[in-house]
Amino acid sequence: MPIQFPAEKYTGRIAEITLGATKEEGGTRARKVTVGGQAALNFHGADGAYPNPPAVAMEIYDVAPELPEEVVRALGPVLDRPAAWARKCVEDWHADLVCLKLKGTNPEAENRSPEDAARTVEEVLKAVGVPLVVYGSGAEEKDTRVMQVVGELLKKENCAIGQAENEKYKSISVASMGFGQSLVAFSNLDINLAKQLNILLTDFGVKRERILMDPLLGGLGYGLDYSYSVIERIRLAALAGDTMLQNPILVDTSIAWNAREATIGELAAGGDAARRGPAWEATTGIASMVAGADLLVMRHPEAVKMVKGAIAELKGGA
Amino acid sequence: MGLTALEIYKHLPKKNCTECGVPTCLAFAMQLASLKVKLEACPYVTEQAKAALAASSAPPIRLVKIGTGPNEVGIGDEVVLFRHDKTFFHPTALAGMVLDTSPEADIAAGAAGLNSLRTERVGLMMKLDMIAVRAAAGDPARFAHAVSVVRSKSDLPLVLVSDSAAAMEAGLKVAGKDRPLIHAATAANWEAMTKLAKDNKCPLAITAPGLDALSDLAAKVKGAGVEDIVLDIGEMPMGKALETLTALRRLTIKKSNRAVGYPVLMLVKDDELAPMRAALGVMKYASAVILERVDPATLYPLMTLRQNIYTDPQKPIQVKAGIYEIGKPTDGSPLMFTTNFSLTFFTVQGDIEKSKSPAYLMVLDTEGLSVMTAFAAGKLTPEMVEKMLNESGIKARLGHRKLIIPGIVARMSGKLCELTSWEVVVGPRDSSGIPSFMKTWK
Ligand code: B12
Ligand code: SF4
């Protein structure tokens, strides 16, 4: 008796979000990226519609960040040149998007002005044709001013800005709505908090098809076990019909590099650190995708290569 | 799953004696139906009832044991599709591989190398579970010799890999008593392989293209008397592998399909994506993964992933609260505190050890939460610290009244100072700073 594939049928469907606007659409992006839109778990095309595989963004910073030695070696001498860094991400490492983190605007650090930030955004926009995700520094009052200027610049580009959080979402929501950007909604490793934030945002007026959820990714060995299940539960609830969770999920795998085991040279049974680190991030990445992540913000070129290789094979599955 | 609670109840003794740990026979039947208990828990079931209930009390995925003694591994016996539904019980068994075509010295070094890849992480052992020996030379004697060389270097359970029955027989002459996994029976050789498995009482991996062929072959092998079966899904791209592994898990758990109710094995060939393939197997239902080539730099993250996926999602891994002595502390040694989350405790303990100066480490019961999480959740408070200082007996062991606290919770130092009138010293934020911090401690 032939075995039938035991397909799952879901009633819910994830919102589809396209980032990037081309010339015809009034923007300057050469490429667009669409995530979400599925009616199945990631890579489970045999169960239902699965139109868009996960996409990979690579992070860059406005001011040179402190990164682990191995990452610095792999990235090369671009850390203090955001435009060159962005170009490498796209041309050499084939990132689908670039995630610009405006850490330097933080009043407690370099305290760069909104105009400085805007200049960086402009340079990066010129350097690459992919859509951008732009983050402030997390300092609310400053981010409000930064996003005002940055949002204006990105007006026609259909990008994403972040992050909205439970206690601080209003001004960034205003910016995202005013300038037609998608919004990254960050919540703290809890399905109910993720849902609650989505409700707050939609009540405030943000369109559901504009929200990317970031439910906080714990790196491999340091909270991944929690994140894996939180993401899986969010996605299953969404597919089961919970409209307040039917958003594409964004995760940041650069967190994997916080694990000491990803970087230390001497580690019992740990092999060569230069390969262990990228594998640490890539493993974090594939786990997040299998659980349900649709957009990954990544750090190390080798990790990106592995994850993109996995995506190419996984999406060809069904 | 199989029989309903009422159908099971009919076969129970109906004594309601509670010896099974459940108030009534009916309650026990309900638990049996949902696979929460084993039939053996009731001492009074008759042999007839046992036979009648065998089918429904058997796990949906058979537990197959490979190897003997302390290194024996059990694979299979999972009951859910998602770890948050309950937990995954039997961590994916990982194996490295050696070839019988290699020079003897390389086989010996390879086996010893694989055997030595073990280390403790958050208090749990991480290691390879098996070594696979592949017959690639086409010479049974050479295979047998390779198997004996591997055995002399490691007592990990073996997987004997060959589709030649003659080679397998030679290998089993050397290692058959140790319950190696025989890999693999195919449509072509299954009769001979099944006989070898039966004669040597060894588990048998089978492989065939597609689920239909796999299930047919399993039925034949079972019919011939071997029940410890492992299904090898064969080589395929990751997408197809995910679909196949998912199909098998759903068939067993949701459709109670016993024809494929066996643990599943995946062989990962040596290419650039090998770490990704292996990770996929660990997350998505492979009970065993054989790695053609092992790179410790990617194996370590893989083993960490396995730890993460196979922990109980309801209960963080934790250690006992209490006063821990590191080195041989005296009444002049420093006292610090941390939480009872295993990851936190072992990280901090390791860092204090690195400093080479003895210390007391006071471990608070934060229900297994890390320092930052516990603090944010209100489960690590100055009051708790004060209570533990007073009740743990640590005061009598110290000639000073100084407490080092994690840098992340510097915010509690004022309150803590006020409550205890101890001198509160704020330590580094990351415990890796402890060794240099200790140099300045007085
Ligand atoms: C996994 C995780 C969880 C897990 C719990 C894991 C666990 N068992 O603890 C879950 C999902 C349950 C969770 C829940 C919450 N979490 Co949480 N969680 C994390 C995460 C991702 C990792 C934590 C971790 O394991 N760290 C590793 C361990 C080893 O760190 P540690 O214990 O702090 O130890 C280090 C240092 O403190 C220091 N140290 C420790 N002891 C000592 C001792 C001495 C003497 C010294 C000198 C140093 C020292 O060295 C150690 C090694 O670096 C972090 C984010 C992150 N990436 O860090 C957030 C994080 C800690 N969580 C946070 C929050 C807010 C919460 C919640 C309150 C949110 C909510 N959902 O309601 C809840 C509270 C829990 C509850 N209500 O029960 C925040 C804390 C914010 C803050 N700064 O106060 C964080 C930072 C996330 C964030 N960016 O917002 N969380
Ligand atoms: S031990 Fe057996 S007889 Fe006694 S209550 Fe339990 S199921 Fe019934």
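This is a predicted model, so every value here is computed, not measured. (Residues numbered from 1 in each chain as written. Chains lettered and ligands numbered in written order. Predicted model: local features only at pLDDT ≥ 70, side-chain atom pairs only at ≥ 80, totals over all residues. Heavy atoms only, no water.)

Undergrad: Can you tell me about the side chain of B:Ser370, naming the residues and giving the values?
TA: All names here are of chain B. By secondary structure assignment, the location of Ser-370 is in the loop between strand 15 (359-364) and helix 13 (371-376). By relative accessible area, which is 18% here, Ser-370 ends up buried. Each residue touching Ser-370, except ones within four places of it in the same chain, is listed here: Thr-339, Phe-341 and Thr-344. (Helix = DSSP H or I, 4+ residues; strand = E, 2+ residues; numbered from the N terminus. Buried < 20%, exposed > 50% of the residue type's maximum accessible area, 1.4 Å probe, protein only. Contact = heavy atoms within 4.5 Å.)

Undergrad: Go over the site of ligand 2, please, and point to the residues and values.
TA: As a structural note, the neighbourhood of ligand 2 is formed by B:Pro13, B:Lys15, B:Asn16, B:Cys17, B:Thr18, B:Glu19, B:Cys20, B:Cys25, B:Phe28, B:Cys42 and B:Pro43. Grouping the amino acids of the shell around ligand 2 by side-chain chemistry returns 7 nonpolar, 2 polar and 2 charged. (Near = heavy atom within 4 Å. Nonpolar A, V, L, I, M, F, W, Y, C, P; charged D, E, K, R; others polar.)

Undergrad: Give a detailed account of the domain arrangement of chain B, specifying residues and quantitative values.
TA: Its domain assignment divides chain B into domain 1 (5-57), domain 2 (64-309) and domain 3 (322-437). Put simply, the middle of domain 2 of chain B and the middle of domain 3 of chain B, counted by C-alpha atoms, are 44 Å apart. (Domains from an automatic or database assignment.)

Undergrad: Which residues make up helix 2 (residues 25-33) of chain B, and what values go with them?
TA: Residue and element names in this part refer to chain B. Three or more residues of helix 2 are buried, namely Cys-25, Phe-28, Ala-29, Leu-32 and Ala-33. End-on view of helix 2: buried residues confined to an arc of 140°, all on one side of the axis. In the segment just after helix 2, Leu-35 is the residue with positive phi, at about 65°. (Arc of directions from axis to C-beta.)

Undergrad: I'd like to hear about unusual backbone geometry, residue by residue, with values.
TA: A cis geometry characterises the amide bond from A:Gly162 onward to A:Gln163, with omega recorded as 0°. With respect to the secondary-structure elements, A:Gln163 resides in strand 6 (residues 160-164). The phi dihedral of B:Lys14 falls on the positive side, at around 55°, and the residue is not glycine. Mapped onto the elements of the fold, B:Lys14 is located in the loop between helix 1 (5-11) and helix 2. Although it is not a glycine, B:Asn16 sits at a positive phi angle of roughly 50°. The topology assignment puts B:Asn16 in the loop between helix 1 and helix 2. Given a relative accessible area of 40%, B:Asn16 falls into the partly exposed group.

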